[in-house]
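# Chains, contacts and geometry: an overview
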Number of protein chains: 2
Amino acid sequence: MNYDLYYWPMIPGRGEYPRLVLEAAEAHYRDVARLPESEGGGMKAMKAFLSGERGHLAPFAPPFLVDGDIIVSQAAEIAAYVGEKHGLAPLMEADRQFARSIAFTTADLVKEVHDVHHPLGSGLYYEDQKPEAKRYAEGFRNERIPKFLGWYERLLTSNPEEPDFLVGDRLTYADLGLFQTWLGLEYAFPKRMGNIAGDYPKIRALVEQVSRHGPVAAYLASDRRMAFNEDGIFRHYRELDAE
Amino acid sequence: MNYDLYYWPMIPGRGEYPRLVLEAAEAHYRDVARLPESEGGGMKAMKAFLSGERGHLAPFAPPFLVDGDIIVSQAAEIAAYVGEKHGLAPLMEADRQFARSIAFTTADLVKEVHDVHHPLGSGLYYEDQKPEAKRYAEGFRNERIPKFLGWYERLLTSNPEEPDFLVGDRLTYADLGLFQTWLGLEYAFPKRMGNIAGDYPKIRALVEQVSRHGPVAAYLASDRRMAFNEDGIFRHYRELDAE
C-alpha cells in the first residue's frame with residue numbers, strides 16, 4: 001500500500017499526527033510537500049489538490065492523505081484511517097469507536113494549543129496579539145492542560161483490558177496522538193509541565209513506552225522527524241509559560 | 001435501534017449536529033439530558049457518563065451518543081456514525097470517506113464561531129473579552145466565513161454525481177451539518193450574511209432543499225427544535241456583526 005501524505009514541509013504541526021501513525025505502522029508513504037518538485041513534490045503538488053485541479057474531492061486544508069482514489073483530510077481522521085488499516089487500532093467495536101473519540105478530542109486540544117499564540121485568529125501575527133496570548137495562556141495552562149491530561153490519565157487507569165494503553169489491549173493511533181501532544185506540551189510549556197508532570201504517571205509511562213516502540217524509535221532518530229519550532233502549533237514563548 | 005443522545009439541554013450548540021441526523025433518519029432516540037430525572041434523564045445522567053460512573057469509556061465532553069455498549073463522542077463523529085448506519089452517507093467508498101472530512105471541517109468552523117465570542121477562552125465570560133471578541137470577529141467575518149463558504153460552494157458546484165449535494169448522489173450528514181451552520185451564521189451575523197449570501201447560490205439551494213426534507217421539516221416545526229440563543233455557540237451580538 002502506497003500513501004501520499006501532504007502537509008506544510010517546515011513544521012511538524014498537525015501533519016505529525018498521521019505521520020507518526022504511518023511510521024509506527026511501517027507503511028510506505030511519500031511525504032509529498034517535502035519532496036523536490038522534480039519528483040512531483042513541493043508546495044505546488046499540495047496546492048493542486050487544494051485548488052481542485054486534482055479532482056473535485058478537494059480538502060479544505062492540509063494535512064490530507066491520498067490513498068488511490070480516496071482522499072482523507074483532518075489529522076485525526078487520517079490517523080484513524082491509517083491506524084484501522086494497519087493494526088494500530090483496537091479490535092473490539094466499542095473500543096475501536098472510542099479510539100476515534102479520543103483522537104478527535106486530542107485534535108481539539110491541539111487547536112487550543114494553537115490558539116494560545118493566536119487567540120485573535122490566524123490572520124494576525126503573534127506579535128500583534130501578545131497581550132491577548134498571555135491572557136489566553138493563563139487559562140490554558142491552569143485549567144485546560146490539567147482538564148485534558150486528567151482525562152487521559154483516568155482513561156489509562158481505568159482501561160480494564162490493558163492499562164498501559166488508552167483504549168483496548170494494544171498500542172493505537174490514539175496513544176500515538178497523546179504521545180505527540182505530551183511532547184509538544186513539554187516543549188511549549190516546560191515550566192508548567194515540569195510542575196505538573198508528576199500528576200500523570202500513566203501518561204508518562206505511555207510516552208516512555210511509545211518512544212521505545214521499534215518503528216517509532218527508528219523514526220524519531222531519523223531525519224524525517226522534524227523538531228518543534230516557532231512556526232508550528234507547539235511554540236515555546238517564554239512569556240506564555242509559567243509554573 | 002434505540003440511541004441515547006446526551007447534550008446540554010438549553011442550547012442547540014454542537015448537539016444539534018447529531019440531533020439533526022437522528023431526526024432526518026427518523027431514528028429512535030432519547031435526548032437524555034432534556035428528560036426529567038424521574039425518567040432517568042437530566043444533567044445527573046449526563047454527568048454520570050462524563051465522570052466514569054457508567055463505565056471506563058468516559059467522553060471528555062458532550063455531545064455523546066450511547067448505542068448499546070458503543071459510546072461515540074465529538075459532534076461530527078456522532079453525525080458520521082448515525083449517518084453511515086441510516087443511509088444518510090454516500091455509498092461509494094471515496095465519497096463516504098470524504099463526507100467525514102467535510103463534517104470535521106465544519107466542526108472546525110463551528111469552533112471558530114465559538115471563539116468569536118470567546119477568543120480568550122471559555123473560562124471567561126463574553127463580557128470580560130468584548131474588545132478581543134470584536135477584533136476576532138472582524139477577521140472571522142471578512143476572511144474565514146468566505147473561505148469556508150467558498151469551499152462548500154465549490155464542492156457543490158464540482159460534484160460530478162449530483163451537484164445538489166456536497167458529496168455523492170444523495171443527502172448526507174455532511175449536508176445537514178452545512179445546513180445547520182448556514183442557519184447559525186445567518187442568526188449570528190445577519191448583516192454580514194445578508195451582504196454575501198448571494199455569492200453562494202448552491203449552498204442556499206441546499207439549505208432550502210434540506211428545510212423541505214420531510215423528516216427535517218417535521219422536526220423543525222416541532223418543539224424538539226431549539227432556537228439559537230446567546231448561551232449557545234451561534235450568538236447574535238450586534239457589536240460583532242457588520243456588512
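Predicted model, so just to flag it, every value in this text is computed and none were measured. (Residues numbered from 1 in each chain as written. Chains lettered and ligands numbered in written order. Predicted model: local features only at pLDDT ≥ 70, side-chain atom pairs only at ≥ 80, totals over all residues.)

### Details of the overall build of chain A
The helix and strand tally for chain A stands at nine helices and four strands. Reading the secondary structure of chain A in the N-to-C direction produces β-α-β-α-β-β-α-α-α-α-α-α-α. For 243 residues, the compact-globule formula gives about 18 Å, and the C-alpha radius of gyration of chain A, at 18 Å, lands near that figure. Expressed as lengths along the three principal axes of its C-alpha atoms, the size of chain A is roughly 50 × 50 × 30 Å. Looking at chain A residue by residue over its 243 residues, the buried ones come to 49%. (Helix = DSSP H or I, 4+ residues; strand = E, 2+ residues; numbered from the N terminus. Rg over C-alpha atoms; globule rule 2.2 N^0.38 Å. Buried ≥ 20, exposed ≤ 12 C-beta atoms within 10 Å, placed from the backbone.)

### Section: the relation of the copies chain B and chain A
The transform that puts chain B on chain A rotates by 180 degrees and translates by 0.0 Å along the axis, for an RMSD of 0.0 Å. Here the symmetry operator amounts to a two-fold rotation axis. Across chain B, the rotation axis passes nearest the C-alpha of B:Pro119, at a separation of 2.8 Å. (Least-squares fit on C-alpha atoms with pLDDT ≥ 70 in both.)

### Observations concerning the sheet that holds strand 1 (residues 2-6) of chain A
Consider a sheet: its strands pair through backbone hydrogen bonds, and that pairing is either parallel or antiparallel. Residue and element names in this part refer to chain A. The mixed open sheet is built from four strands, whose spatial order is 2-1-3-4. Either end of the sheet is taken by a strand with one partner, and the two such strands are strand 2 (28-31) and strand 4 (70-73). Averaged over all pairs of adjacent strands, the angle between strand axes in this sheet comes to 20 degrees, irrespective of strand direction. Pairing of strand 3 (residues 64-67) with strand 4, which is carried by four bridges, proceeds in the antiparallel orientation. (Pairing = 2+ DSSP bridges. Axes fitted to C-alpha atoms, helices over the stretch in contact; angles between N-to-C directions.)

### Observations regarding the packing of helix 5 (residues 130-158) of chain A against helix 8 (residues 201-212) of chain A
Residues and elements named next belong to chain A. Between helix 5 and helix 8, whose axes approach to 8 Å, the crossing angle comes to 80 degrees. The orientation of helix 5 with respect to helix 8, classified from their angle, is roughly perpendicular. Counted together, Leu-149, Tyr-152, Glu-153, Leu-156 and Thr-157 of helix 5 and Lys-202, Ile-203 and Leu-206 of helix 8 form the full contact between these two elements. (Parallel < 35°, antiparallel > 145°, perpendicular 65-115°, else oblique. Contact = placed C-beta atoms within 7 Å.)

### Quick look at the sheet that holds strand 4 (residues 70-73) of chain B
Residue and element names in this part refer to chain B. Read from one edge of the open sheet, four strands run 2-1-3-4, paired in mixed fashion. Every other strand in the sheet has two partners, leaving strand 2 (28-31) and strand 4 as the edge strands with one partner each. On average, each strand axis in the sheet is inclined to that of its neighbour by 20 degrees, with strand direction left out of account. Judged from the three bridges that link them, strand 1 (residues 2-6) and strand 3 (residues 64-67) form a sheet pairing that is antiparallel. Bridge pairing links Tyr-6 to Phe-64 in strand 3.

### Some words on the domain arrangement of chain A
Residue and element names in this part refer to chain A. With domains assigned, chain A is organised as domain 1 (2-85) and domain 2 (93-240). For domain 1 versus domain 2, the separation of C-alpha centres amounts to 21 Å. Listed per partner, the contact involves 17 residues of domain 1 and 21 residues of domain 2. Those elements that provide at least two residues to the side of domain 1 that touches domain 2 are helix 1 (16-24) and helix 3 (75-85). The class makeup of the residues in the side of domain 1 that touches domain 2 is 11 nonpolar, two polar and four charged. (Domains from an automatic or database assignment. Nonpolar A, V, L, I, M, F, W, Y, C, P; charged D, E, K, R; others polar.)

### Some words on unusual backbone geometry
Glycine aside, negative phi is the norm for most residues, and most peptide bonds take the trans geometry. The peptide bond linking A:Pro62 to A:Pro63 adopts the cis configuration, its omega dihedral lying at 0 degrees. Mapped onto the secondary structure, A:Pro63 falls in the loop between helix 2 (42-50) and strand 3.

### Things to note about the interface of chain B and chain A
At the junction of the two partners, chain B supplies 39 residues and chain A supplies 38 residues. Put simply, the parts of the chain that give the side of chain B that touches chain A at least two residues each are strand 4, helix 4 (93-117) and helix 5 (130-158) of chain B. When residues in the side of chain B that touches chain A are grouped by element, the largest group, 10 residues, is from helix 4 of chain B. Looking at side-chain class alone, the side of chain B that touches chain A contains 17 nonpolar, 12 polar and 10 charged residues.

### Focus: the environment of B:Arg204
Relative to the elements of secondary structure, B:Arg204 occurs in helix 8 (residues 201-212). Sequence spacing of B:Arg204 and B:Pro9 is 195 residues, and the spatial spacing of their C-alpha atoms is 29 Å.

### Quick look at the confidence of the model for chain A
Looking at chain A as a whole, the pLDDT averages 96, with 100% of positions reaching at least 70. On the interface metric, ipTM, the complex scores 0.97, and its pTM is 0.97. (pLDDT = per-residue confidence, 0-100.)

### What about helix 1 (residues 16-24) of chain B?
All names here are of chain B. With nine of nine residues buried, helix 1 lies mostly within the body of the structure. Taken together, the buried positions of helix 1 are Glu-16, Tyr-17, Pro-18, Arg-19, Leu-20, Val-21, Leu-22, Glu-23 and Ala-24. Packed against the buried residues of helix 1 are strand 1, strand 2, strand 3, helix 3 (75-85), helix 6 (173-188) and helix 9 (214-220). Backbone geometry just downstream of helix 1 places Glu-26 in the positive-phi region, at approximately 50 degrees.

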